[in-house]
Amino acid sequence: MSRPKRIGVLTSGGDCPGLNAVIRSVVKCSTRQGWEVYGIPYGTDGLIEVARANTKPEDLKLKEHGYNIPGLLQGLDVLQFLSGSVLGSLSKGDTDKFADDIIKGYELLQLDGLIAIGGDGSLDIIYNLAQKGNWNLIGIPKTIDNDVPFTERSVGFDTAVDTVTEALYDLTFTAASHERVMVVEVMGRDAGHLALHSGIAGGADIILIPELTPTLNDAVLEEICETIASFRHEKRKFALVVVAEGVKNYEGKKEKSIGEYLAKQIKDYSNKLCALDRKQFCGMDEVDTRVTVLGHLQRSGTPTSADRLLATSFGRAAVDLIANQEYNRLVVWRNGEVQTEPLDQVIDLVRKCHRENRCPSPVNPNGFMVQTARSLGIYVGDLTPSLNGEPRNRVSITTFSSNSKC
Ligand code: F6P
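Presented here is a report on the structure given in the accompanying data block. (Residues numbered from 1 in each chain as written. Predicted model: local features only at pLDDT ≥ 70, side-chain atom pairs only at ≥ 80, totals over all residues. Heavy atoms only, no water.)

Below, the discussion takes up the overall build of the protein chain. Tallying secondary structure elements over the protein chain gives 11 helices and 10 strands in all. Computed over C-alpha atoms, the radius of gyration of the protein chain comes to 24 Å, within 12% of the 22 Å expected from 2.2 N^0.38 for 406 residues, which places it in the range of a compact globule. By principal-axis analysis of the C-alpha atoms, the protein chain measures approximately 85 × 50 × 40 Å. Residues classed as buried in the protein chain amount to 53% of the 406 residues present. (Helix = DSSP H or I, 4+ residues; strand = E, 2+ residues; numbered from the N terminus. Rg over C-alpha atoms; globule rule 2.2 N^0.38 Å. Buried < 20%, exposed > 50% of the residue type's maximum accessible area, 1.4 Å probe, protein only.)

To continue, consider the side chain of Asp-307. Summarising the element assignment, Asp-307 is placed in helix H9 (residues 305-323). It turns out Asp-307 is buried and unbridged, and the closest side chain with the opposite charge, Arg-153, is 7.2 Å from it. (Lys, Arg positive; Asp, Glu negative; His and termini not counted. Salt bridge = Lys/Arg side-chain N within 4 Å of Asp/Glu carboxyl O.)

Quick look at the pairing of strand S2 (residues 36-39) now. Residues Glu-36 and Tyr-38 point to one face of S2 and Val-37 and Gly-39 to the other, with burial holding for every one of them. Pairing geometry for strand S1 (residues 6-11) and S2, over four bridges, is parallel. Bridge pairing in S2 places Arg-6 opposite Glu-36. The β-α-β motif built from S1, the intervening helix H1 (residues 19-31) and the parallel element S2 has right-handed crossover chirality. (Pairing = 2+ DSSP bridges. Right-handed = clockwise from strand over helix to strand, strands pointing away.)

Turning to the site of the ligand, a few remarks are in order. The environment of the ligand is formed by Ile-144, Asp-145, Met-187, Gly-188, Arg-189, Glu-245, His-296 and Arg-299. One nitrogen or oxygen atom from the side chain of Asp-145 is found 2.6 Å from an oxygen atom belonging to the ligand. In this structure, His-296 approaches the ligand through a side-chain N or O atom, which is 2.8 Å from an oxygen atom. Relative to its unbound accessible surface of 400 Å², the ligand loses 67% to contact with the protein. Structurally, the ligand is housed in the largest pocket. (Near = heavy atom within 4 Å. Polar contact = N/O pair within 3.5 Å; in protein donor to acceptor, adjacent residues only side chain to side chain. Areas by Shrake-Rupley, 256 points an atom, 1.4 Å probe, with all protein chains shown as cover. 1 Å grid on protein atoms, 1.4 Å probe; cavity = no way out; pocket = protein on both sides within 12 Å on 5 of 7 lines; lining within 4 Å. Sits in = over half its atoms within 2 Å of the grid points.)

To continue, consider the sheet that holds S1. For sheets, the rule is that strands pair by backbone hydrogen bonds, running either parallel or antiparallel. Ordered by their spatial adjacency, six strands build an open sheet running S2-S1-S3-S4-S9-S10, and the pairing between neighbours is mixed. The strands lining the two open edges of the sheet, one partner per strand, are S2 and strand S10 (337-342). When strand polarity is set aside, the average angle formed by the axes of neighbouring strands in this sheet is 25°. Where strand S4 (residues 137-141) lies against strand S9 (residues 329-334), two bridges are found, and the strand directions are parallel. Considered in S9, the bridge of Ile-138 is made with Arg-329. Against the sheet, H1 engages S1, S2, strand S3 (113-118) and S4, with an angle of about 175° to S1. (Axes fitted to C-alpha atoms, helices over the stretch in contact; angles between N-to-C directions. Contact = heavy atoms within 4.5 Å.)

With the rule as written, the count across this model stands at one disulfide. One disulfide in the model links Cys-274 with Cys-282; its S-S distance is 2.1 Å. Of note, the bridge from Cys-274 to Cys-282 carries an S-S torsion of about 100° and is right-handed in sense. Considering cysteine sulfurs only, Cys-16 is the nearest to Cys-29, which forms no disulfide, with 19 Å between them. Left without a disulfide partner, Cys-353 is nearest to the cysteine sulfur of Cys-359, which lies 7.5 Å away. Taking the relative accessible area as the measure of exposure, Cys-353 reaches 2% and is therefore buried. (Disulfide = S-S within 2.5 Å.)

Before going further, it helps to examine the packing of helix H6 (residues 193-201) against helix H11 (residues 368-375). The contact between H6 and H11 brings their axes to 10 Å, and the two run at 40°. Two packed elements cross with a definite hand, and for H6 against H11 that hand is left-handed. Taking contact as the criterion, the partners of Leu-196, His-197 and Ile-200 in H6 are, on H11, Met-369, Val-370 and Ala-373. Residue classes in the contact of H6 with H11 are distributed as five nonpolar, one polar and no charged. (Left-handed = near helix turned anticlockwise from the far one by under 90°. Nonpolar A, V, L, I, M, F, W, Y, C, P; charged D, E, K, R; others polar.)

Here the focus is the packing of aromatic side chains. With the rule as written, the count across this model stands at two aromatic pairs. Here Tyr-106 and Trp-135 contribute two aromatic rings whose centre-to-centre distance is 4.4 Å and whose plane-to-plane angle is 10°, an arrangement assigned as stacked. Of this pair, Tyr-106 sits in helix H3 (residues 99-108) while Trp-135 sits in the loop between helix H4 (120-133) and S4, placing them 29 residues apart in sequence. For the pair Tyr-106 and Trp-135, one class covers both residues: buried. Where Tyr-169 meets Phe-173, the ring centres are 5.1 Å apart and the plane angle is 80°; that geometry is what we call edge-to-face. (Phe/Tyr/Trp six-rings, centres within 6.5 Å; stacked < 30°, edge-to-face > 60°.)

Using a probe with the size of a water molecule, rolled over the atoms, empty space left in the structure can be pinpointed. Considered as a void within the structure, the largest pocket measures approximately 610 Å³ in volume. Along its surface, the largest pocket is lined by 28 residues, and Gly-13, Gly-14, Ser-91, Lys-142 and Arg-189 are the ones closest to its centre. Classifying every residue of the lining of the largest pocket by side-chain character gives six nonpolar, 13 polar and nine charged. Considered as a void within the structure, the second largest pocket measures approximately 450 Å³ in volume. Along the wall of the second largest pocket there are 13 residues; nearest its centre are Asp-190, Pro-210, Lys-248, Asn-357 and Cys-359. Taken together, the residues of the lining of the second largest pocket sort by class into four nonpolar, two polar and seven charged. (Points joined across faces, edges and corners; volume = space filled by probe spheres on them.)

If you want it as structure tokens, here you go:
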């Protein structure tokens with residue numbers, strides 16, 4: 001009699017809400033097929049521990065709910081509601097150095113397939129190991145950045161959008177009471193999806209994303225000041241400004257906190273404009289600005305129902321692929337349904353983009369969401385060519401006299 005199929009599941013890279021919902025779905029769907037599921041702790045590090053006999057394979061076996069709650073709560077199926085990863089995750093590690101151990105660990109577990117839940121970077125690393133070890137790999141995209149190519153949605157994005165949206169809502173009232181400009185710095189690495197979506201949903205007045213305002217140059221700063229000044233002249237004394245962490249400073253360099261930098265620039269730049277006799281900007285240095293850096297709050301939070309549904313569908317699709325012996329594929333969400341893509345094509349694109357220092361799945365500057373923001377009057381930057389043919393926000397359109405007081 002042949003032994004039951006054995007599959008592994010791991011989470012790798014930065015965590016996000018919805019990982020546990022994927023794990024739960026994988027375990028439920030697999031055990032219903034009579035398979036065994038091994039939950040590998042801390043990404044590929046867990047395989048090293050198996051290779052070094054620090055972990056026994058049987059200890060990694062996941063049960064129906066993927067975890068055990070003791071006492072009266074035993075049997076409660078709460079896994080999909082919890083953020084984080086019950087397996088632990090890993091964003092650093094020297095997989096090249098330990099590749100032999102990792103492959104040995106996989107072989108000791110006698111896995112017939114591995115489901116890796118990761119972002120573009122971690123899927124790239126695991127794909128490389130899978131090639132070396134001849135593994136049957138299935139990838140599931142997760143990241144609050146939503147920048148995995150070929151998928152419209154990654155697990156975790158929807159919840160993060162909700163978290164930021166709620167923060168913007170909460171900040172609106174204190175902003176209004178104190179007539180302040182609230183600058184909110186949002187994660188997303190090199191992509192602006194999170195800032196754009198939550199900015200629109202949360203009622204932002206200005207949304208700055210790397211795809212449309214890669215640097216806070218003269219043109220961008222002037223338009224930001226202009227937007228805030230026009231509000232103030234219309235008696236709306238507060239404003240909500242969302243800035244994605246991927247936006248760079250005036251010199252095109254990364255700031256430790258682009259939010260803090262921007263808040264200062266709003267004052268400094270208004271002063272510069274005022275010194276150039278642009279009267280409407282005078283006095284704007286008195287505008288009270290405050291910065292909120294939402295940070296890792298965006299990575300946690302109870303997964304939304306949309307994320308749970310996505311995670312659950314992705315987990316089920318990954319198990320189906322293994323059942324049909326269709327390996328080396330990425331499960332994706334496109335046109336309202338789950339589809340799959342060959343992992344080699346996904347990874348080729350990811351590597352090319354990383355080599356060229358580009359985001360593998362940026363916001364479409366002419367896409368529906370950007371158009372929606374513009375239609376609402378939200379300032380999102382303007383890449384339309386200026387008179388000299390350059391994108392407007394990539395050239396300096398304001399020349400200051402060297403003696404202007406700044
Ligand atoms: O990729 C997810 C992400 O949260 C990014 O948005 C952010 O830049 C980064 O991870 C933060 O990483 P860490 O948790 O290592 O600080």
